[in-house]
Amino acid sequence: MKLRLFIVSLFTATYLSVTSQNATQTAESIINDIFEQYTAESDETIDYESFYDDLISLVDNPLNLNTASSNELEKLAFLSDVQIENILAYIYKNKQLNTIYELQLIEGIDMTDIRNMLPFVQVGKTNDLNEKIYTNEIFKYGKSDVMFRMDKGLEQKKGYIKSTDSEGISSAPYNGSSIYNSLKYNFNFKNRIQFGASMEKDAGEQFWGTKHKGYDFYSLYFQGNNIGKFKTIVAGNFRASFGQGLVFNSGFGSSKSSYTLNVVSRDNGLKRLSSTDETNYFKGVGGTFKLGKTEINLFYSNKKTDADTLNGSFKSFYRAGLHRTDSETDKKHSVTMQTIGMHTTTNLGLARLGFTMAHTLLSDTLLPDKAPYNLHYFSGLQQISASTDYRIRLGSFNVFGETAFTNNKGVATINGILFSPTSTVSIVTLWRYYSPEYDTFYANAFSENTRINNETGMYIGTEIRPFSRWKLSAYTDSYRFPWLKYGVNAPSSGQDYLLQAEFNPKRNLGMNWRLKFEQKQKNTDNITIAGIGNYAKGSVRYQLMYNSGNFSTKNLIEISYSDSASTNPKIGFAAYQDMSYNFNSLPLSIDFRYMLFDAPTYDNRFYLYEKDILYAFSIPMFYGLGLRYYLNMKYELTKNFSLWFKIAQTVYGDNRASISSGNEEIQVNKKTDIRFMIRYRF
């Protein structure tokens, strides 16, 4: 055992010492790569700022693997549940890890996993997590971070064009300037004490004038960890996620991705909200404490939210977070949502059992305009929901699930089994049923729909490492919608398939191939209920990544396919070349991309990740014929003072005279955006 550990340590240390010289493998690059993998299969917007904050905070205060719990290891989103369980089992069996390189002795952990883990973990002795905190040490050893950001589109949009009315008064639809601006402050003391503030003004919102003064959105947060009898204390704006997300999940939820095994909801609990997300959060106080083997979470939230109210009722929430026009401003903070939440988890060794309850009271009555597709949507002043969740480890099997109910007799359940017969093969199956009547405010669970209701489905995913340096990932998801959906005037069904192969022949060379196909049903016309038909879309992608010293490059080619009952098959194409370089003589790093795309229909559209400034994550959508290029730069003025700048332009070549519509319309065939950020750490 000792000889084996010595050989592995020597080999791994040599490998990692060389790899660490590659600037692309910094913590920020790893975080971006992880997030890209999670979002590549979805066009949903995910809170990147909070995702980044949760991981980057571990760089200064790495997880101690010898004392880390499963919940803490789940923050490392690139690790599967099987890998986490194997790490915990190895440490339990061997008492502790003696060196970080010992990770390679754990089943299912390869060099890529170790490289990704290095910035966020450490191996140390067992520490007293409840070590007393002294006030003078908090501000002496705590770290502060201040960020100021500005964005602007260079082409003038219709919403900023002034016109003169009959009385000679000149005004534009948007009340404010076209500049986006945000200011953030974060403080962190050893991940024990965290607090901060975020302020934001979106483009078009007025910063100082007759209709508004100051930033449009303010957020304050505080989080204390392991303070007295409390595991966690939160105040201000915070997130809450429990179980599989059927009642509460305002954080980073589970979804279909190339991480085919990661379908279990991660990072449960109460967490601070450090981002500028204006809708998906709670506002109040909460705490987590232990009673024996039971962990209890309690919180209260009283939050103002946006809606178009009239005579004490409203039809739907306004979730855009934009207050540019008079009509949008009238919706701001017009409805109060009070929420009391509770979750308990009891650890029984090989099993964990949980119970969640939520009670939400609205100040105005939610009354959606009734249509056949939303006949079962929630309406009223208050909602009560509750659930039970479980996770059980039985040898090579990891069984998990949650079942929830609402006071209007809605039912939802999600259950799965993760099985790893060998260290090179893992399989997960997941079955879910969300009744049409199940419609809650804060659910965010594994689903095909963005709304957690009216769905049943079966997901099967696998990850296989057949040879050294190779990894195969695949999933199939078959689902059905028993009731009508928006744009689908009959019960419908669909299937999704993904196959991805990754090959890393050398430490500085990697490539992957991805095949994705999905088939669904939608209306072929808007007249008869029977007028639905199949439509399908798929894509084939090849990606090549290479780095040498301070230089790295990435190439991508993707072909998309779309077909439906009412249109002829169409083929789309996209390709880009990325180049990144870190200068030795200057504290400067640059990223450049040149891209061509041709998406003849909306179903052929492409979502392609691109590098951005700090705390910004871009996955633009490309539809039509055109090209795009961007230049992204980071300059370190001093050790604590940094500048970011990005300029990006999309030029369309399909004879269009304008881009977008409504107040966002641009009367040219190109769109140019610039971003600038200043960061100071002390």
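Residues numbered from 1 in each chain as written. Predicted model: local features only at pLDDT ≥ 70, side-chain atom pairs only at ≥ 80, totals over all residues. Heavy atoms only, no water.

What to know about the overall build of the chain
So, point 1. When you go through the chain residue by residue, the secondary structure sums to eight helices and 33 strands.
So, point 2. Against the globule reference of 26 Å for 682 residues, the chain gives a C-alpha radius of gyration of 25 Å, in line with a compact fold.
So, point 3. C-alpha extents for the chain along the principal axes are approximately 85 × 60 × 60 Å.
So, point 4. In the chain, buried positions account for 50% of the 682 residues.
So, point 5. Taking the intrachain contacts of the chain between residues at least 6 apart in sequence as the baseline, contacts between residues at least 24 apart amount to 61%.
So, point 6. Carbon and sulfur atoms provide 58% of the accessible area of the chain, an area that totals close to 31300 Å².
So, point 7. In the chain, 73 positive and 67 negative side-chain charges are present, and the distance between their average locations comes to 5 Å. (Helix = DSSP H or I, 4+ residues; strand = E, 2+ residues; numbered from the N terminus. Rg over C-alpha atoms; globule rule 2.2 N^0.38 Å. Buried < 20%, exposed > 50% of the residue type's maximum accessible area, 1.4 Å probe, protein only. Contact = heavy atoms within 4.5 Å. Areas by Shrake-Rupley, 256 points an atom, 1.4 Å probe, with all protein chains shown as cover. Lys, Arg positive; Asp, Glu negative; His and termini not counted. Charge placed at Lys NZ, Arg CZ, Asp CG, Glu CD.)

Re the confidence of the model for the chain
So, point 1. Of the residues in the chain, 92% reach a pLDDT of 70 or more, and the chain-wide mean stands at 86.
So, point 2. Segment residues 1–25 is flagged for pLDDT under 50; beyond a separation of four residues in sequence, or across chains, it makes 39 contacts in the model. (pLDDT = per-residue confidence, 0-100.)

Things to note about helix α5 (residues 81–94)
So, point 1. Across its 14 residues, α5 extends 20 Å between first and last C-alpha, which sits within 8% of the 20 Å expected from 1.5 Å per residue.
So, point 2. Restricting attention to buried positions, one finds in α5 the residues D81, V82, Q83, I84, N86, I87, Y90 and I91.
So, point 3. Residues of α5 that are buried in the fold lie against α4 (70–73), α6 (111–117), β17 (380–394), β18 (397–406), β19 (411–422) and β20 (425–434).
So, point 4. With its phi angle positive at about 75 degrees, K95 sits one or two positions after the end of α5. (Expected span 1.5 Å × (residues − 1).)

As for the environment of R266
So, point 1. Position of R266 among the secondary structure elements: in the loop between β9 (230–241) and β10 (269–272).
So, point 2. A residue is classified by how much of its surface remains accessible, and R266, at 9% relative accessible area, is buried.
So, point 3. The sequence separation of R266 and L76 amounts to 190 residues, and the corresponding C-alpha distance is 9.4 Å.

Brief notes about the pattern of salt bridges
So, point 1. Taken as a whole and assessed by the stated rule, the structure comprises 38 salt bridges.
So, point 2. The salt bridge partner of R679 is D145, with a shortest N-O separation of 2.6 Å. Of the two residues, R679 is situated in strand β33 (residues 670–681) and D145 in strand β3 (residues 143–153); the sequence distance between them amounts to 534 residues. The pair R679 / D145 is uniform in exposure class, with both members buried.
So, point 3. With its nearest N and O atoms 3.2 Å apart, the salt bridge here joins D151 to R675. In this pair, D151 is assigned in strand β3 and R675 in strand β33, connecting sequence segments 524 residues apart.
So, point 4. Its relative accessible area of 11% is what places D151 among the buried residues. (Salt bridge = Lys/Arg side-chain N within 4 Å of Asp/Glu carboxyl O.)

Some points on the pairing of strand β22 (residues 470–481)
Each regular strand carries side chains that alternate between the two faces of the sheet.
So, point 1. Of the two faces of β22, the one lined by K471, S473, Y475, D477, Y479 and F481 is fully buried and the one lined by W470, L472, A474, T476, S478 and R480 carries no buried residue.
So, point 2. As paired elements, strand β21 (residues 455–464) and β22 share nine bridges and run antiparallel to each other. Residue pairing in the sheet places G457 in a bridge with Y479 of β22.
So, point 3. Hairpin connection between β21 and β22: a loop of five residues separates the two successive antiparallel strands, and R469 in this loop has a positive phi of roughly 75 degrees.
So, point 4. In this structure, β22 lies alongside strand β23 (residues 492–506), joined through 12 bridges in antiparallel fashion. Within β23, the position partnered with Y475 by the bridge is L498. (Pairing = 2+ DSSP bridges.)

Things to note about a nonpolar patch on the surface
So, point 1. Taken together, the side chains of L499, L515, V540, I557, I559, Y561, I571 and F573 make up a nonpolar region of the molecular surface, amounting to roughly 700 Å² of accessible area.
So, point 2. Listed by contribution, the elements that provide at least two residues to the nonpolar patch are β26 (551–564) and β27 (567–582).
So, point 3. Ranked by residue count, the leading element in the nonpolar patch is β26, at three residues.
So, point 4. Under the relative-accessibility criterion, I559 is labelled partly exposed at 41%. (Patch = residues over 30% accessible without salt bridge, like charges linked within 9 Å, V, L, I, M, F, W, Y side chains within 5 Å.)

Examining the side chain of E463
So, point 1. Among the structural elements, E463 can be located in strand β21.
So, point 2. E463 sits in the buried class, given a relative accessible area of 11%.
So, point 3. One polar contact links E463 to R465, side chain to side chain, over a distance of 3.2 Å.
So, point 4. Excluding anything up to four places from it in sequence, E463 contacts T260, L261, T424, V425, S426, K471, L472 and S473. (Polar contact = N/O pair within 3.5 Å; in protein donor to acceptor, adjacent residues only side chain to side chain.)

Here's the deal with the packing of aromatic side chains
So, point 1. A complete count under the given rule lists 37 aromatic pairs for this structure.
So, point 2. One aromatic cluster in this structure is built from F238, F242, F248, F282, F299, F314, F317, F378, F441 and Y442.
So, point 3. A cation sits over an aromatic face here: K331 above Y318, 4.6 Å from the ring centre.
So, point 4. If you follow R451 out to its NZ or CZ, it ends over the ring of Y377, 3.7 Å from the centre. (Phe/Tyr/Trp six-rings, centres within 6.5 Å; stacked < 30°, edge-to-face > 60°. Lys NZ or Arg CZ within 6 Å of the ring centre and 35° of its normal.)

Regarding unusual backbone geometry
So, point 1. With a phi angle near 55 degrees, K190 is a residue other than glycine that sits in the positive phi range.
So, point 2. Tracing the chain through its elements places K190 in the loop between β6 (179–189) and β7 (193–201).
So, point 3. Of note in this structure, N226 is not a glycine but carries a positive phi near 55 degrees.
So, point 4. Inspection of the secondary structure puts N226 in strand β8 (residues 217–227).

Focus: the pairing of strand β15 (residues 335–347)
So, point 1. Where strand β12 (residues 294–305) and β15 come together, 12 bridges link them in antiparallel fashion. For Y300, the partnering residue across the bridge sits in β15 and is I340.
So, point 2. Bridging between β15 and strand β16 (residues 351–366) involves 11 bridges; their strand directions are antiparallel. What sits directly across from G341, in β16, is A358.

Describing the nonpolar core
So, point 1. If you look at the biggest cluster of nonpolar residues, it comprises 44 residues, and the most contacted ones within it are I34, L65, L76, L103 and F120.
So, point 2. Of all the secondary structure elements, the ones that give two or more residues to this core are α2 (27–39), α3 (48–60), α5 and α6.
So, point 3. Among the elements that take part in this core, α2 stands out by supplying six residues, more than any other.
So, point 4. In this structure, L103 is in contact with L65, L97, I109, I114 and M117, ignoring residues within four places of it in sequence.
So, point 5. Among the nonpolar cores identified, the runner-up in size contains 41 residues, and F248, F314, L430 and A445 belong to it. (Core = buried A, V, L, I, M, F, W, Y, C linked by side-chain atoms within 4.5 Å.)

With respect to the environment of N347
So, point 1. Secondary-structure assignment places N347 in strand β15.
So, point 2. Exposure remark for N347: the relative accessible area of 37% places this residue in the partly exposed category.
So, point 3. Placed 54 residues apart in sequence, N347 and K293 show a C-alpha to C-alpha distance of 5.5 Å.
So, point 4. In this view, N347 contacts K293 and R352; residues no more than four positions away in its chain are not counted.
So, point 5. A polar contact of 3.0 Å, which involves the side chain of N347, links it to the backbone nitrogen of G349.

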